[in-house]
Amino acid sequence: MKLLKPTWVNHNGKPIFSVDIHPDGIKFATGGQGQDSGKVVIWSMAPVLKEDDEKNKNIPKMLCQMDNHLACVNCVRWSNNGVYLASGGDDKLIMVWKRAAYIGPSTVFGSSSKLVNVEQWRCVSILRIHSGDVMDVAWSPHDAWLASCSVDNTVVIWNAVKFPEILATLKGHAGLVKGLTWDPVGKYIASQADDRSLKVWRTMDWQLETTITKPFDECGGTTHILRLSWSPDGHYLVSAHAMNNSGPTAQIIERDGWKTNMDFVGHRKAVTVVKFNPKIFKKKQRNGSSTKPSCPYCCCAVGSKDRSLSVWLTCLKRPLVVIHELFDKSIMDISWTLNGLGILVCSMDGSVAFLDFSQDELGDPLSEEEKSNIHQSTYGKSLAIMSEAQLSTTIIENPEMLKYQQRPQQQLMEQKNAAIQDAADVMTAPKVASMVNGESLEDIRKNLLKKQVETRTADGRRRITPLCIAQLDTGVNATSASAAPTVSSFSVLTTPSKIEPMKAFDSRFTERSKATSATSAVINTNQIAMDRLKDQNLIKENEPKDILESSSDSEEKIPATKPLALPKRKLELEGETVEKKKKGRPRKDSRLVPVTLTVQSPAALASEKDATCISAPALALKLPTPIPQKSFTLQISSDPSMYIEVENEMAAAGCSKLSRLKCNREGKEWETVLASRILTAAGSCDVVSVACEKRTLSVFSACGRRLLPPIILHSPISALRCTGSYVMALTTIATLSVWNVHKQSAVVKDESLQTILAGNDTTVSQILLTQHGMPVMSLSDGKTYCFNPSLSTWNLVSDKQDSLAQCADYRNSLPSQEAMLCSGPLAIIQGWTSNSGRQAARLFSMPHLVQQETTLAYLENQIAAALTLQSSYEYHHWLLIYARYLVNEGFEYRLRELCNDLLGPVHYSAGSQWESTVAGLRKRELLKELLPVIGQNLRFQRLFTEYQEQLDILRNKSSFP
């Protein structure tokens, strides 16, 4: 065994609360406290594993640093497929990260110029439901679900296929929930809390399976986290902090009956984390040894507040190795490499340690087939998890419905009965499978309990060293299991760690340094980090309905493909990976091909079949049309849960083919058929729209009623969107139309995108349809335009290259944290640019007068853009920032003009053109809100008094209009 402590893995002296190794083993993530925010860092594994790579300056150690969390990060976890990284923190948020296309190294903000991000990771989803700190997150074995737990006493199960949909909220704990673990096949999830209990929940119905309290009766809430772990064979669940005769232990819970007869003992202080090796091992066959197959066993690492780490093989009576005083403070997290030979440990002291084992020490890992056989013997013949769709069709609540179902479909019901019998067999299978070689697991367990070593300390305390795999005993003795560990020649040991292999690990070993406090550092939130949440298009806020109401309503980033005219152009690809269709689990719509606008000659256009219905101009735009698919599924909304399924080319009478459209909303389904193949679909909570071949567009209500005859488009469809009662169609010749189907009126009619294209190399990278039916187009050059139906013009509402955004500095005028969590259409299309000015302001200085001018111009642009988009929340948000800035900088002239517009005429005038509302908000109510801001500057006392008196006069006359 080798032990090393890479000092370059650190958070600048701040605590590291979590560590997790990527499934491919080439990188790992840490989470913890940053300078003034939470920090997630991705590191390279190579410099940890190899001394030459550590010394090679050309091999980067840090790959990426993310400071988006507003407060300390408590947990980081890779998905099993390695595509996503989930992080949870004290800001009550879970962030899901995905690697973006490489666009060159970028400097980490706030660091020296030498510190750069080698990889680009972006937050693709922010999950918000917890009302307290998020303590732990865990992906289910097949990445179908993500679980999170919090100090709000709840466990939340997220649908990882359709973020941010919530499948269940598990309530039952009466204290802070500090740890989660899934069983190996996802049949159970276990949680441990400060209420001195461990709960096991079923995933089939998300109900409580059992509550275990006895081992925790003596425990107090003394640990920051309680990271429990399930053995890879599924037989055992090991808790964190438990007590046995007043001594701290890690409780071993048998899955068969949830018995608590064994525990890991020896640590002097509370156990904070246990982590099973992902591999199941068997005794390594040595030359000349018997060929008799050995019984499999597992390996488990235990970390404690006593700063010690112990590693156990469940075939041994004593620990394989104990390392005392590994850190200066409590151990916080443990992660094994996927091959099972390496282990990373992190501590509250801000450092990490790596242990490298050999197969001679741990044994030979079982193959996946052997592991699967163990799972089948444990969980029964079927490992499939019943989907929500299957559950909804299994139970018929109305007896009359059952009667009508039985008459015409007797044969089908017989098949269902057979299926139900199979399901019953599955439920009873674990009992049948609990026999090994004719002997029950219970009998084997009792026999092995007799072999356990029980000792008593001088003060009478009872200590038991366990045999974890009750039916599996290799007979390996303690002295031959491993060679004496060695310390790597290039390891950096900052503390005199003591390695004691094969030594009895009980309460008699002594602590060699003074105890340290486990209290986490005081957390100061970073205002800059708050704005970074605007990057996310999946945030659901309890805000006015100005924002987009569903996933179809929100942005869909379409990967900007490389135009033929510019082969050297580098564009960032951010398209989601196409997923295989799973019954009952809709996937995100990945059918839309990249929208690329290129210029083709009239001759080329004339050769296209789709262009026969138009007369080609001298230069025309041509967009691709969706590729026909036999079937696809599309999520419409997560709240309420709503998705549609399309099945093309169904056989009908004669030689004709039909297409079926099915919609599911919160378990209620409707379906209809169409005569031609469906190319693409979209929907909202009010309407569902599908575009078919032969240039037809059909629109249905949310309950499946056709709202109007098919619309005939003048050219084939390229992209389709729905929001509320609005439907938007973008055609292959780059013309745009928007209809209000409830009012049966056109909002935008055949508007060409030619106006907004700067050149033939520009592509459409993002399409939006706002709640008010306004189409928004983001282009690959960073500019975003919306079409204003009132003015019949395209308006520039955002430019990522805008120098005003880079130079504006309004950080002193920002409102509270909650107000900054703005997720309207303007925030979605601008992403990170809204806070780039405050970043830039710290990187360089400029004359104060220039700073004022650029800031004023930027804020006024933001207000105008929000007003054009009719986003009332964002208009209100930026108006308050603008007013604060005017007050702080002393701009009385502009402030008075703003107040006059909001106040309007005090006396009624028939010829007045003043509108009492703006963006759906009452102007005089806005002025009332601004007055306290104005009153903060003594310079504006007279102005404050003037408008306060005017409002009082209006209030006395009548209520505000």
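One can find the structure itself at the top, above this paragraph.
Residues numbered from 1 in each chain as written. Predicted model: local features only at pLDDT ≥ 70, side-chain atom pairs only at ≥ 80, totals over all residues. Heavy atoms only, no water.

## Some details on the overall build of the protein chain
Looking only at helices and strands, one finds 19 helices and 58 strands in the protein chain. Taking all 961 residues of the protein chain together, the buried fraction comes to 55%. For the protein chain, the computed accessible surface area is about 41,400 Å², with 51% contributed by carbon and sulfur atoms. (Helix = DSSP H or I, 4+ residues; strand = E, 2+ residues; numbered from the N terminus. Buried < 20%, exposed > 50% of the residue type's maximum accessible area, 1.4 Å probe, protein only. Areas by Shrake-Rupley, 256 points an atom, 1.4 Å probe, with all protein chains shown as cover.)

## Some points on the packing of helix α18 (residues 923-934) against helix α19 (residues 941-957)
Look at α18 against α19: their axes get within 10 Å of each other, and the N-to-C directions meet at 150°. On the basis of their axis angle, the class for α18 and α19 is roughly antiparallel. The element α18 and its partner α19 pack so that their crossing is left-handed. Taking contact as the criterion, the partners of R924, L927, K928, L931, P932 and I934 in α18 are, on α19, L943, F944, Y947, Q948, L951, L954 and R955. When grouped by side-chain class, the residues that make up the contact of α18 with α19 number nine nonpolar, one polar and three charged. (Axes fitted to C-alpha atoms, helices over the stretch in contact; angles between N-to-C directions. Parallel < 35°, antiparallel > 145°, perpendicular 65-115°, else oblique. Left-handed = near helix turned anticlockwise from the far one by under 90°. Contact = heavy atoms within 4.5 Å. Nonpolar A, V, L, I, M, F, W, Y, C, P; charged D, E, K, R; others polar.)

## Description of the sheet that holds strand β12 (residues 134-139)
Pairing is antiparallel across the open sheet formed by four strands, whose spatial order is β12-β13-β14-β15. Either end of the sheet is taken by a strand with one partner, and the two such strands are β12 and β15 (166-171). The sheet shows a mean angle of 15° between the axes of neighbouring strands, direction not considered. (Pairing = 2+ DSSP bridges.)

## Quick notes on the packing of aromatic side chains
Tallying each qualifying case throughout the model produces 18 aromatic pairs. Note on F787 and W794: the rings are 5.3 Å apart at their centroids and 70° apart in plane angle, and the pair reads as edge-to-face. The same class applies to F787 as to W794, namely buried. Among the aromatic residues, those joined into a ring-pair cluster are Y84, W139 and F163. (Phe/Tyr/Trp six-rings, centres within 6.5 Å; stacked < 30°, edge-to-face > 60°.)

## Observations concerning the nonpolar core
In summary, soluble globular proteins display a tendency toward joint burial of nonpolar side chains. Formed by 47 residues in total, the largest nonpolar core has its most connected members in Y810, L859, W878, L898 and I934. Ranked by residues supplied to this core, first place goes to helix α16 (residues 872-889) with ten residues. Setting aside residues no more than four positions away along its own chain, I934 makes contact with V887, L895, C899, F940, L943 and F944. In this structure, F28, I157, A168 and A193 belong to the second largest nonpolar core, which totals 39 residues. (Core = buried A, V, L, I, M, F, W, Y, C linked by side-chain atoms within 4.5 Å.)

## Some thoughts on the pairing of strand β45 (residues 678-683)
With six of six residues buried, β45 is to be regarded as a mostly interior element. In this antiparallel pair of consecutive strands, β45 and strand β46 (residues 687-692), the connection spans three residues.

## Focus on the pattern of salt bridges
Counted under the stated rule, the structure contains 22 salt bridges. As a salt-bridge pair, E51 and K55 come within 3.0 Å of each other at their nearest N and O atoms. You can see E51 and its partner K55 sitting in helix α2 (residues 51-55), four residues apart, about one turn around the helix. Exposure remark for E51: the relative accessible area of 25% places this residue in the partly exposed category. Residue classification places K55 among the exposed residues on the basis of a relative accessible area of 60%. A salt bridge links E119 to R99; the shortest N-O distance between them is 3.4 Å. One end of the pair, E119, is in the loop between β10 (116-117) and β11 (121-128); the other, R99, is in strand β8 (residues 93-99), with 20 residues separating them in the sequence. Overall, the relative accessible area of 8% leaves E119 in the buried class. (Salt bridge = Lys/Arg side-chain N within 4 Å of Asp/Glu carboxyl O.)

## Structural notes on the sheet that holds strand β17 (residues 188-193)
Spatially, β16-β17-β18-β19 is the arrangement adopted by the four strands of the open sheet, whose pairing is antiparallel. Edge positions in the sheet fall to β16 (177-182) and β19 (208-212), since each of these pairs with one other strand and no more. Recorded for the sheet is a direction-independent mean angle of 20° between the axes of neighbouring strands. Two strands pair when backbone bridges link them, and β16 and β17 are joined in this way by five bridges, in the antiparallel orientation. Bridging from a neighbouring strand, G179 pairs with Q192 of β17.

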